[in-house]
Every structure is written in C-alpha cells, then in structure tokens.
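Structural description and commentary
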Amino acid sequence: MIAIICAMQIECDAILKYCTSIQKNVLFNRTFYEAELAGKKVVIGLCGVAKVNAAITTTILCAHYDIQAILNIGVAGGLKENENVMDLVISDQVVQHDYDTTALDGEAGKGIWVKADQDLLALAIKVLEPMDVTYHVGCVASGDLFVTKQHLEKLLHDFPDAICAEMEAGAIAQTADSFHIPFIVLRSLSDVAVKEKSAMDFMEYVQIASQKSAEFTYRFVEGY
Ligand code: ADE
C-alpha cells in the first residue's frame, strides 16, 4: 500500500476528504487512517510537527504496514522571490538544514541529504503537466525551525538550491531510506519567507494550501 504522512490534522483532513472506507487505527499512541484513495489502498499517518515526531511515525508505519511508497504531503514555506503561496513544491532531494558537524567534518558536515525516488519524481511531473498550477522541483530543506525572513540569509548561504522549508521531510526521507522504501515530498506553499509577516500568511493559507497538496496527491495516487 501507499503511505501518506502529514504533520497536522488540517493537512490530514484535506486528504481524508478524497478517501473512502476510512478506518482509524492507533498504534503506539500515533494515529493512522487506513483508507482507499482513487481505488488504491493507502495508510495516512498523522505524525505531529518536527523531525523526531516524523521519524517515530514513519518507523511505526514502515514496521507495521507493507509499504511500497511514502508521500509526504501538506504545506511548506517558500524561500525564493519567484514563489507564491499555493504553488506546489516537489522534492528531487531533501536536506536536514539544521544538521551541522562542520566543526568536525568541514563542509561535508553540512546537512544530511536523501534523494527522492526517480520513478516517483517522474510520475509527479507527468501528473503535474496537465494541471493548471505553478510548481517547483528541487531541494526541500527540513529542520526543527519555522523559517521566516530572518533565517533566510544563512539558510540560502548554506543551501542555495533549496526551494522550500518544512519540518518533517528530512526525518521521513532518512527513515524511508533505511527501510529501502521510495519517498517523495508533494507539498504546497502556505507562506513565502522572503515576504514580510510570512507567519501571518501561514495562518491565512494553511487550509487552502493543504487542499492544493491533497488534490495533487489524489491525482498522483490515481496515476500510480
Ligand atoms: N511549513 C510551512 N511553512 C513553513 C516555514 N516557513 N518553515 C518551516 N515549515 C513550514
């Protein structure tokens, strides 16, 4: 089955709207929704915010279910001038931007990197082409930090190719990788950190951006 992981209930609810035959299953205090999406069996894990939560939920999910692919969906913060709220962002790789052992390892100690699965990436682009949406494919920067304008200079200095920031994908990617399960991020922008007061944009756009990501995820699973 396909696993879908979201951090927040609002992101989960957006994808559950597309699902049928939903059954809630609580494992080790974590909530999973077993369901059908576009005629395929899926399990949706609600992981909570940030990397440790994401790693715990992904580990339980991979150990308990027979998973063929992991999709991390929901919202993210844009980092670049050419990005706008509601744009879709797709990972070709994920980096944990708050991992730093440069004091010991030099430049090699910056970030933990995991590449997205090439077949999932090709499918994402195929599904996106006929959709009337703006999308960005690139490096998703993941860390235990809500990124705003004040963080941008350092983040983009260290990871100039990053297209967005979020707080779970790095942990999900690393866990998926250790279970040899293909992984990709399919998110939508709720805020863009180059703009002033982006945290307020998050409040305003989190629901509608969650819906955008969910709609895309539905089409992706349909094409899987
Ligand atoms: N998720 C949505 N917006 C974000 C941001 N600006 N930083 C980190 N995670 C986010």
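In this report, we go over the structure that sits alongside the text. It should be emphasised that the depicted structure is a prediction, and the values quoted were computed from it without experimental measurement.

1. Concerning the pattern of salt bridges
A full pass over the atoms with the stated rule returns 9 salt bridges. The shortest N-O distance in the salt bridge between glutamate 168 and arginine 187 comes to 3.0 Å. Here arginine 187 lies in strand E10 (residues 183–192) and glutamate 168 lies in the loop between strand E9 (162–166) and helix H6 (169–178), a separation of 19 residues in the sequence. Arginine 187 shares its class with glutamate 168; the two are buried. Here the salt bridges do not stand alone but share partners, grouping Glu107, Lys110, Lys154 and Asp158 into one network.

2. Re the pairing of E9
The element E9 is extensively covered by neighbouring structure, given that 5 of its 5 residues are classed as buried. In this structure, strand E5 (residues 69–78) lies alongside E9, joined through 2 bridges in antiparallel fashion. Paired with glycine 78 across the bridge in E9 is cysteine 164. Here strand E8 (residues 135–142) runs beside E9; their pairing, made up of 4 bridges, is parallel. By the bridge assignment, valine 140 is partnered in E9 with cysteine 164.

3. Describing the side chain of threonine 148
Take threonine 148: it is sitting in the loop between E8 and helix H5 (149–158). With sequence-adjacent residues up to four places away left out, threonine 148 is seen in contact with Ala193 and Ser198.

4. A short note on the site of the ligand
In the region of the ligand, the neighbouring residues are Val75, Ala76, Gly77, Leu145, Phe146, Val147, Ala165, Glu166, Met167, Ser190, Asp191 and Phe202. For the ligand, a nitrogen atom lies 3.2 Å from a polar atom in the backbone of glycine 77. At a separation of 2.7 Å, a nitrogen atom of the ligand approaches a polar side-chain atom of aspartate 191. Against a free-state accessible area of 260 Å², the protein chains account for coverage of 95% of the ligand. The cavity that encloses the ligand is the largest pocket. Counting residues per element, the ones that place at least two in the shell around the ligand are E5, E9 and E10. In terms of residues, the shell around the ligand owes the most to one element, E5, which gives 3 residues. Its residues assigned to classes, the shell around the ligand comprises 8 nonpolar, 2 polar and 2 charged.

5. A word on the nonpolar core
Among the nonpolar cores identified, the biggest contains 43 residues, and Leu61, Ile67, Ile70, Leu79 and Phe183 are the most heavily contacted of them. The greatest single-element share of this core, amounting to 5 residues, is contributed by H6. In this structure, Val42, Ile73, Leu123 and Ala124 belong to the second largest nonpolar core, which totals 34 residues.

6. So, H6
Judged by how many residues are buried, H6 sits mostly within the fold: 7 of 10 residues are covered. Residues of H6 that are buried include every one of Ala169, Gly170, Ala171, Ile172, Ala173, Thr175 and Ala176, and no others. Just downstream of H6 lies histidine 180, where phi reads positive at about 55°.

7. Comments concerning the packing of helix H1 (residues 9–16) against helix H7 (residues 198–223)
Relative orientation of the contacting elements H1 and H7 amounts to 40°, with a least axis distance of 8 Å. Overall, the two elements H1 and H7 adopt an arrangement that is oblique. The interaxial crossing formed by H1 with H7 has right-handed handedness. Where H1 abuts H7, its residues Ile10, Glu11, Ala14 and Ile15 lie against Val206, Gln207, Ser210, Gln211, Ala214, Thr217 and Tyr218. Class assignment for the residues of the contact of H1 with H7 results in 6 nonpolar, 4 polar and 1 charged.

Rules used in this analysis
- Residues numbered from 1 in each chain as written.
- Predicted model: local features only at pLDDT ≥ 70, side-chain atom pairs only at ≥ 80, totals over all residues.
- Heavy atoms only, no water.
- Salt bridge = Lys/Arg side-chain N within 4 Å of Asp/Glu carboxyl O.
- Helix = DSSP H or I, 4+ residues; strand = E, 2+ residues; numbered from the N terminus.
- Buried < 20%, exposed > 50% of the residue type's maximum accessible area, 1.4 Å probe, protein only.
- Pairing = 2+ DSSP bridges.
- Contact = heavy atoms within 4.5 Å.
- Near = heavy atom within 4 Å.
- Polar contact = N/O pair within 3.5 Å; in protein donor to acceptor, adjacent residues only side chain to side chain.
- Areas by Shrake-Rupley, 256 points an atom, 1.4 Å probe, with all protein chains shown as cover.
- 1 Å grid on protein atoms, 1.4 Å probe; cavity = no way out; pocket = protein on both sides within 12 Å on 5 of 7 lines; lining within 4 Å.
- Sits in = over half its atoms within 2 Å of the grid points.
- Nonpolar A, V, L, I, M, F, W, Y, C, P; charged D, E, K, R; others polar.
- Core = buried A, V, L, I, M, F, W, Y, C linked by side-chain atoms within 4.5 Å.
- Axes fitted to C-alpha atoms, helices over the stretch in contact; angles between N-to-C directions.
- Parallel < 35°, antiparallel > 145°, perpendicular 65-115°, else oblique.
- Left-handed = near helix turned anticlockwise from the far one by under 90°.

Remember, this is a structural readout, not a statement about activity or role.
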